[in-house]
Amino acid sequence: MSNVYEERATMIAAGELQSFVPFGREHCKNHPNAVNIQLRQLQPASELWSSDGAAGLVGSLQEVTLHEREKESWQLRKGSDGAGDEIEFEEELYVAGNMVIWSRGTKGQASCVYKAFTVDSTVQQALWCNFRVPQNKKSSKEIVEHTVCIAQDTCVNVHSVSGKDFIAPLPFQVSTLWPTMFGLLLERKNLTSDIPMSPPSREPLPSLFSMLHPLDEIAPLVCRSTALFDLPRIQYVSDSMLRVVFTSCDPSIIMTYDTVQCTHTVWLLRKVTVEEQSVLLKCPEPGPGTGAASFLGAHLRNVSPLDSPASPLHCHTLHNQSRLAASPSLHSRAHSPGISNMAALSRSHNPGIAAPSFCNAQRFNVSCHSPSPRGHSLLASPNSTMNESALLPEREPIIPDLCIEQLWSETSTSHRDKSCQTSKVFITSDLCENKYLCFLVESHQELRCVKFLESNHPPQLLFVSVSSIPAKNAAPLQDRDCMLVLEVNGSLVLYTGVTRVSKVFVPGLLPPSLSVISCLPHHCSSMDSVSTPAKSTVRHLSNLEEIGVMPSPVADGMGAVKHHETSWVEDFNFQQTVPHVHTLRDSVSSRVTLELSNGSMQRITIPEIATSELVRRCLQAIRFILPKDMAMKVLVKWYNTYNAPGGPSTHQEWNLFLSCFMTMMGYNTDRLTWTRNLHIEVPLSPVAPKKARPADTGSDEDWDYLRSSDYHWQLSMQHVAGVPGLGTLAPSGAREEQMSVLSVDSSAPLFQHIPSLFAVLHLLYEDLKLDELQRSGARSLVGLLQQMARDLQLEEYIDLYWRDYPSFIKTFHESCVIDQAQMEQMTRPSFLTPEPPCVFGWLRHCLRGEDVPPFPYLPGICERTKLLVLSYALYVAGDKNAVSENVSKYLAKISAGQKKNICDQIPEIRRESSVKFEAPQGNLAERLMEWLTSAGFTLKDLESVPFGAALPIRDAIYQCREHPCSDWSEDVCALIGRQDLTKQAHKVTPTKAKTSVGLGGEMLDVPVPSEADEEEDGMADLDPEVTGLIWSQDLRVQEVRRLLQSSRPVRVNVAQLPEVSDHEYIEEKENKLLLLCQRTMALPVGRGLFTLFSYRPVPTEPLPVPKLNLTGRAPPRNTMVDLSSGNIDVPANMTSWASFHNGVAAGLKIAPASQVESAWIAYNKPKSAELANEYAGFLMALGLNGHLTKLATLNIHDYLTKGHEMTSIGLLLGVSAAKLGTMDMSITRLLSIHIPALLPPTSTELDVPHSVQVAAVVGIGLVYQGTGHRHNAEVLLAEIGRPPGPEMEYCTDRESYSLAAGLALGMVCLGHGSNLIGMTDLNVPEQLYQYMVGGHRRTHAGINRERHKSPSYQIKEGDTINVDVTCPGATLALAMIYLKTNNRSIADWLRAPDTMFLLDFIKPEFLLLRTLARCIIMWDEILPNAEWVGSNVPQIIQENIGTGEEVQVSQDLNMETLAQAHDYIIAGACMAVGFRFAGSANSDAFDCLYKYARMFMQSLKASAATITGHYNVQTCLSMVLLAVSMVMAGSGDLKVLQLCRFLHKRVGGEMNYGFHMAHHMALGLLFLGGGRYTLSTSNSAIAALLCALYPHFPVHSTDNRYHLQALRHLGVLAAEPRLLVPMDVDTLKPCHVLLDVTYKDTKWYDEVTVELMAPTLLPELHLLKEVRVKGPRYWELTIDMSKGIQHLQSILSRDGVLYVKLRAGQLPYKDDPLGLNSLLAPNPDVSSFKPQAISAFTSDAALLSFAEYFCQASSGSAAKHKQALFSAILYECVTQENPEMLSTYMAIDQAVCAMERKEVSETFSLGQMKLVLELCESRVMQHRLTAPSLSHRKGRGWGRGLLLTSEFLPVMKSAADSDLDRWLAGNSHVLRAYMSGQPLDEHTDTNMLACFLIYHSLPSLKKMASAHLEESASFPELLVKCGQLGVSVRAVLSLRALLLGSVGAGIPQPVH
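Residues numbered from 1 in each chain as written. Predicted model: local features only at pLDDT ≥ 70, side-chain atom pairs only at ≥ 80, totals over all residues. Heavy atoms only, no water.

Glancing now at the overall build of the protein. If you tally the helices and strands in the protein, you get 72 helices and 47 strands. Burial analysis of the protein (1952 residues in total) assigns 55% to the buried set. Contacts in the protein between residues far apart in sequence, at least 24 positions, make up 70% of those at least 6 positions apart. Carbon and sulfur atoms make up 55% of the accessible area of the protein, which amounts to about 84,900 Å² in all. (Helix = DSSP H or I, 4+ residues; strand = E, 2+ residues; numbered from the N terminus. Buried < 20%, exposed > 50% of the residue type's maximum accessible area, 1.4 Å probe, protein only. Contact = heavy atoms within 4.5 Å. Areas by Shrake-Rupley, 256 points an atom, 1.4 Å probe, with all protein chains shown as cover.)

In structure tokens:
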């Protein structure tokens, strides 16, 4: 073979050349650099936006010059979008001067800039790096931050894709940064000055460091080296001779080069273990023999240098430190805040000084971001000298994060050159999945490849062998599993691993070796065709083709791999003129850049191994079964054949593969008829696509192509004539007999593997049959398989193929002779059984319930087989463990030739879904669904499963769809076709568009409210769709909005009497306005509750706050009335608290799920001072909805230092509420500053305003809620009774402080009862009791003694407790501590006194508190009826009050006292009922409380009010009203609304600001959160409500004496979302749905189910057992609470949206309340069904068009019949809710029709129909469907409960039966001939015979022969024999005449 041939035979053509210019270079040209510099000079230094603060401004200006653009570099990588691999693009990172440009571009789009960065100094290096951040403290899951790191001299800028920017200062000069799996690796620059200065004793400094996150400290790298016999040594990496040359993320390795030994080493990079850290930090003193001598020596451990004063190290340390103190820059740097001492090393200007300071300036001793607080820096204070600080014991060093462990090292040879450091390292894999680490040593011109293996158990890397390839350069091609090598002589060669594949021919670039040209025959002018690359490459190729040097597919020898074809010198003179490839760079997936000798760059693409799916899968199977070296040969040979220059068009790929593959097996493709013309003629498959032509019009060749196709020939067999020119060209060569004997060349490389190749290809064929989209591939493959089966003499296989494709297989006759000796040469694998594995046969046996042998399968290749076999095993055979333990019972995994040793660890190549399959305990259908999902199977995949095989899966889907589990994953819900559940599992809150509603794709504007200021009332954000569904009958929501709006002027209606002067009239109007303003100012408290959490703010807009309008309009002229006219006296700061409440109301609108950032909170800060109070309220509200945690500490500090009282109150309460019950230390410190009692006695007295102290005390209660914290409890207990101090301190508003302390104490010990651990010595209950009833003050123990030495000069209390001050706080503290404990002894303390004498001693309003406290301690005894409420009133009061006037009243009794006590006790009991039944809407509780509310209303009007006092009755009424709205919270009850509206209208008289506040709070609670929220009765909620609803309301708007007004808003903490809003998944609109809500049984009631119409408020979740969406209108859905309430909680927290799906033919309740108009209501039958009405049933486009095109009436009886059938099918599909069955029905119908017309060229669809029939007759399924376990389908079972209806299948079956019987009657001789084994006549139509055999599933010939059916004497005997073969009775009846009639007829026995 000539040299030329060799050169061309293995040459492939690369894709087109494209010139390459880095995109960043172009972009940089537009960068206004010079202009930039001038701009910078004008700016002050502080405004430099990207200054790193190290090199000052002047330095940065000097550094930037315009000539630095020459130093450019770039790198490319494959882009990842995160959204899947659909889009493939390249990303480029380009660096020039101080700019970094990150751009990306795809195949279809030009590159564009993604991000561009400009930094201050020259960029040293830019790279991509991924940092890993733990998701949260608890979970081990990590979030990957994708970033770009830009290294400058002094710092690294890190910019993440998500928009975070960091600047990490560099503590030393860095030579290179390396990206790793964990973060950045930093290589320290090796300064020569290190060496002379360090004395010999000093240990070298670490040279490698890691940074796991830009905010983390830079830590040294550790090396773990194991000697042969010693313990492993662990030490810092400090060898200055070690250079990193490569890092890799997967696998996580680094490669280093030792400049002394000249060797390369590979290390494993991993996280450091705890043991290694402890060894490093606590290792013993280094001495001889210890293997753990640390590189950093004693100063890195907690060993003081003074321990060894004689050590030279210590002297050196002291000496160095004294010298260091002289370096001012270093000294000051070390103390600069925010820069850790790490920075000390780098910032000194003299590198010489910096280097040794490493160990002295505590280089590693202080870490900024380490989690453990480290105390003071070693350099204690700026003025202490360093010598002093050296005497302190040293602190712990920085803990290393990463460790390297040696994996492999080059063997060092003595004659190595010094310069053999690698210049390029990469990892590549070959076509057989071996991995290589390759590194290029340019000085030796060789590429060294180290093969390594990755194993998973245990995870480790093994480096196996080294080989080297001569090369000037190389580049990996990841997507092609190969690499491109530039050989020494300049030619490009493709290698896969270390196997040479071929040369690469680049069109337009000359191959550098001239051997091709020199050997060309002379009639071609060589220079004409090749010398200029600019000329068209096509001509060059065509010339070569004419000469005939095309590679012939017959050549099987690969040719020896020649490394040096020509010497480089020979070509030298030629290479001067033509540019040649200089280097390779920037390889991405399959593209690589060639840098040419003339400096230009060209990018080429290397072609892929196969484009056709079929060829790819065949190659996979071949690679799987052959030994690796053999497989490699096949793949390389095929690659060369396929990609030869002028390669094949797409449709010839399979033919090319066939000829290549068969040649390698030893066939002579030229002599086999059917392969003879493969590479010229046509493809086998009728559907193989042709190569796309550039011309739009066709040509004659197209016609010939179609005529000569095999498909055309099949049709012509069925006498299609009448079209001119449809004569048949003989396909696949003529059909003449070949006389000569064909044989197979036994010396061919694959000859001995023929049987195993046949076996795997047969399994592949079976797998292809299971995928509708790949079936054409099965047909192409069958030609090859039948040939191999003939030659291997496997009759049964040929029979199987013939049955599948009767007309196709009939055309093949030839077989090649393989003699016996050669047969024995072949290796026959064990899995090549004489009986062919047939997957449909296996499924059929499974359906019949027979025992089935395991089905052979190729892991990773035949995944569809595995999926269906296991699905049938699980669902049909009913083996629950089929997919877990018992897989091997059903599948026989085939171990490959190359993988015998590790056949169990075969990687399964499949789409892994996010669900890992764990065997659940559900029924079979559920298990099947979960397993299919875990295998990544989707509905789209199901559509490609043949209809018969898919039926059981569809049946399981249907069962699950009827009764799904609520907690299934999104993927499972998608698979069972429940979009409602899929959307639910998707966990996305539907966003409400504010101004437009999407409707059918168009945007409709919402009608604008008529009044211009409608928007400004702050209540426009409630969802009208939801409120409209909840309260659909009336306009109560609008009414509430009217009552609560405070942004419009009020109407001041005063009639002017004749005698009143105008001036007095104006005053009168203003006085009336003042009264009305008392109400207006109280409204925001209610409005905050009404609009709670209803708004999601836009981050770019400030929060709209409705203004508080205190003006009025007087009719009839609508004149303005204003309080600022000066006619009447208005209190000074009257509106300050009102605007605070207004701010809270606005802030409470923000939903907890919104995106709120610290910047946005600060952005809302108002400019004007008068809005400061509003902003204070806004801050408190943000705390209540949890957003204040995002506010930066700096801002909090900023707000508090302003000293604005309101802001402090709002902020302190806000942060405490946001950190509820967390014991957060930073918040505790914040609060303690404001509470003198929590500060040490000696601390300076701070002047903290009284209300701020109150807020701080409550804050402590919130932060420590329920923790039982001893110290805080002790302080708060003392604070309840804090005496007034001298100088008027603590003298005003003492009541509110004492109450706050009591509430806080109650919260800290909430519900602990008598289990207060460690507090017995405090006697908490006794002390509180004393505070409640009075007595002598106890002496203060402990901390607060000094504070209370001197008494107050103003208030003379003596040493008795002032009960008026301490009683409320103590009472509520007791109530909260013993909340729900049912502790009777404590409750009895709180009983109301029952003698007149004692009653006189107690304030009546304290009785309300005592009664309330007593009742909520005895929680379980509260009953919702009037008797229980009355039972709280003591005997003496009951006897004298309420029975009427007749009773003679004793003189001793004070009637006023008794009446007041009675009312307050009743009010207290009512409050208790309100707490007990809060949010439950309990009708008994409502009736009881409503009755009392009416009673108090009556007594307000009556004379009784004069006895009790108007104020007292009003207070009681307010409390009862609040109690009613607590019970009815969120329900919007009409009766309560009427009460609130009545009280809203009352102004003047006794109605003060506080009462208005109470009434509007009641209104707010009634419509809490617009009906979405209601109250909880958890302990925490009750504590919050006690704070908010404290029964003493302020008298005027500035009154905080008894209770701080800000606490009124804490009630929000008791709100919880419990509204369930069903949303139709198709329209995405809320709708009405019936729910069944089942309560668990309790001691008060048994388990009970109630029917609710959603949207509705659910009861408290812990009371529920399950919530179920009821049919029949919507798909059923059950949320089971026995598994936990998290699922329902998460639904409710996301706006309560529960997706539901309307069933077909049903109308929503809104359109059809009674269900009379549903299309299924009268239960029409099929006949009355009009297909036109389908649109009312379904919106499915496919069904609608089916109705339109297939079911419309047409003429002709046959057509009418068809139309009726289609209509019936459609009706069935729609009404039974399984439209996906339509295609199955149609396919069965098609199969039967084709058989009627006898147009069957393949029996596939008939086989599928057979499977359907088997399924319906399957005893297993029959039994399961009639089993009682499924009786809960509530009568929705029909037919046999299966998907196909009862009528349709029998009709189809009888049609098929009669067709076949008709055929048999006329063609019994054909069947007889077949059964007797005679060769069939070529002209007989064997298609129907195959149909008959398939339909009756007759076994193969051999089996029938061995059963001797013909010898049966009688029908029963025949029946028994056939039964053993599995032949159905129906088939035996058909065969009876044939078989029994043949007894003795002299038919010869079958020939074998």
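That shown, we press on.
A few words on the environment of Ile1507. By the element assignment, Ile1507 lies in helix α56 (residues 1504-1508). For Ile1507, a relative accessible area of 40% gives the class partly exposed.

With respect to burial, helix α30 (residues 924-934) is a largely interior element, 11 of its 11 residues being buried. Those residues of α30 that fall on the buried side of the exposure criterion are Leu924, Ala925, Glu926, Arg927, Leu928, Met929, Glu930, Trp931, Leu932, Thr933 and Ser934.

A word on the sheet that holds strand β44 (residues 1656-1657). Ordered by their spatial adjacency, three strands build an open sheet running β44-β41-β47, and the pairing between neighbours is mixed. Here the strands that pair on one side only, and so sit at the sheet edges, are β44 and β47 (1697-1700). Inspection of the sheet shows strand β41 (residues 1619-1624) paired to β47 by four bridges, in the parallel sense. Paired with Pro1622 across the two strands is Leu1698, which belongs to β47. Each of β41 and β47 touches helix α61 (residues 1686-1693); the most contacted strand, β41, lies at about 75° to it. (Pairing = 2+ DSSP bridges. Axes fitted to C-alpha atoms, helices over the stretch in contact; angles between N-to-C directions.)

Reading across the sheet, the three strands line up as β36-β37-β38 and stay open at both edges, with mixed pairing between neighbours. A single partner strand is all that each edge strand has here, and the edge strands are β36 (1050-1051) and β38 (1119-1121).

Once that is clear, we can look at the packing of aromatic side chains. Counting across every chain of the model gives 33 aromatic pairs. A centroid spacing of 5.5 Å and a plane angle of 10° characterise the contact between Phe657 and Phe661, whose relative ring orientation is stacked. Of this pair, Phe657 and Phe661 both sit in helix α18 (residues 653-665), separated by four residues, roughly a single helical turn. Phe661 carries the same exposure label as Phe657, and that label is buried. Here the aromatic residues Trp638, Tyr642, Trp654, Phe657 and Phe661 are joined through ring pairs into a cluster of three or more. If you follow Arg1282 out to its NZ or CZ, it ends over the ring of Tyr1297, 3.6 Å from the centre. Lying over the aromatic face of Trp1644, Arg1476 brings its terminal NZ or CZ to 5.0 Å of the ring centre. (Phe/Tyr/Trp six-rings, centres within 6.5 Å; stacked < 30°, edge-to-face > 60°. Lys NZ or Arg CZ within 6 Å of the ring centre and 35° of its normal.)

So, on to the pattern of salt bridges. All told, the structure shown has 57 salt bridges when counted by the stated rule. Close ionic contact of Glu1802 with Arg775 constitutes a salt bridge, the shortest N to O distance being 2.8 Å. Residue Glu1802 is found in the loop between α65 (1782-1796) and α66 (1804-1817), and its partner Arg775 is found in helix α23 (residues 775-791); the two are separated by 1027 residues along the sequence. Relative accessible area serves as the criterion here: at 23%, Glu1802 is assigned to the partly exposed category. Between Asp1021 and Lys1149 there is a salt bridge, with the nearest N and O atoms lying 3.0 Å from each other. With a gap of 128 residues between them, Asp1021 in the loop between β35 (1002-1005) and α35 (1024-1030) and Lys1149 in the loop between α38 (1136-1148) and α39 (1158-1163) connect regions that are remote in the sequence. Residue class for Lys1149 comes out buried when judged on its relative accessible area of 3%. (Salt bridge = Lys/Arg side-chain N within 4 Å of Asp/Glu carboxyl O.)

Further remarks concern the pairing of strand β31 (residues 601-605). The element β31 is largely enclosed, with a buried count of four among its five residues. Strand direction decides the pairing type here: strand β2 (residues 18-19) and β31, joined by two bridges, are antiparallel. What sits directly across from Ser19, in β31, is Gln602. Pairing of strand β30 (residues 591-596) with β31 involves five bridges; the strand directions are antiparallel. In the strand pairing of β31, Thr593 is matched with Arg603.

For the rest of this paragraph, the subject is α18. Compared with the 18 Å implied by 1.5 Å per residue over 13 residues, the 18 Å span of α18 between its first and last C-alpha is a close match. Counting buried positions over the 13 residues of α18 gives 13, a clear majority of the element. At the C-terminal side of α18, Gly666 shows a positive phi close to 105°. (Expected span 1.5 Å × (residues − 1).)

This part takes up the pairing of strand β27 (residues 492-496). The element β27 is largely enclosed, with a buried count of five among its five residues. Bridge count between strand β26 (residues 482-486) and β27: four bridges; the pairing is antiparallel. Bridge pairing links Leu486 to Leu492 in β27. Turn length for the β26-β27 hairpin, with the two strands adjacent in sequence and antiparallel, is five residues, and the turn residue Gly490 shows positive phi of about 95°. Where β27 and strand β28 (residues 499-505) come together, four bridges link them in antiparallel fashion. The residue of β28 that forms the bridge with Leu494 is Ser502. Counting the residues in the hairpin turn of β27 and β28 gives two residues, including Gly497, whose phi is positive at 60°.

Turning to unusual backbone geometry, a few remarks are in order. Residue Pro251 follows Asp250 across a cis peptide bond; omega there is 0°. Note on placement: Pro251 falls in the loop between β17 (242-248) and β18 (253-258). Phi angles above zero are rare outside glycine, and Phe1093 is one such case at about 55°. Looking at the secondary structure, you find Phe1093 in the loop between α37 (1062-1090) and β37 (1112-1114).

Take the side chain of Glu1814 next. Note that Glu1814 resides in helix α66. Take Glu1814: its relative accessible area is 7%, and that puts it in the buried class. Once you skip the residues sitting within four places of it in the chain, Glu1814 turns out to touch Arg844, Leu847, Arg848 and Ser1897.

Nonpolar side chains collect at one region of the surface, where Leu1423, Trp1644, Tyr1645 and Val1648 lie side by side and expose about 340 Å² of accessible area between them. Leu1423 sits in the partly exposed class, given a relative accessible area of 37%. (Patch = residues over 30% accessible without salt bridge, like charges linked within 9 Å, V, L, I, M, F, W, Y side chains within 5 Å.)

Now for the packing of α38 against helix α40 (residues 1172-1184). Where α38 meets α40, the closest approach of the two axes is 6 Å, and the angle between their N-to-C directions is 40°. Of the possible angle classes, the one that applies to α38 and α40 is oblique. With respect to the hand of their crossing, α38 and α40 are arranged in right-handed fashion. Residues Ser1136, Ser1139, Phe1140, Asn1142, Gly1143, Val1144, Gly1147 and Leu1148 of α38 form the contact with α40, whose participating residues are Asn1173, Glu1174, Ala1176, Gly1177, Phe1178, Met1180, Ala1181 and Leu1184. Classifying every residue of the contact of α38 with α40 gives eight nonpolar, seven polar and one charged. (Parallel < 35°, antiparallel > 145°, perpendicular 65-115°, else oblique. Left-handed = near helix turned anticlockwise from the far one by under 90°. Nonpolar A, V, L, I, M, F, W, Y, C, P; charged D, E, K, R; others polar.)

Among the secondary structure elements, Ile1280 is positioned in helix α45 (residues 1270-1280). What makes Ile1280 buried here is its relative accessible area of 1%. Sequence separation between Ile1280 and Leu1299 is 19 residues, and the spatial gap between their C-alpha atoms is 7.0 Å. Residues in contact with Ile1280, not counting those within four places in the same chain, are Ser1298, Ala1301, Gly1302, Leu1305, Leu1328, Tyr1331, Thr1366 and Ala1370.

No statement about biological role is implied by the geometric values presented.
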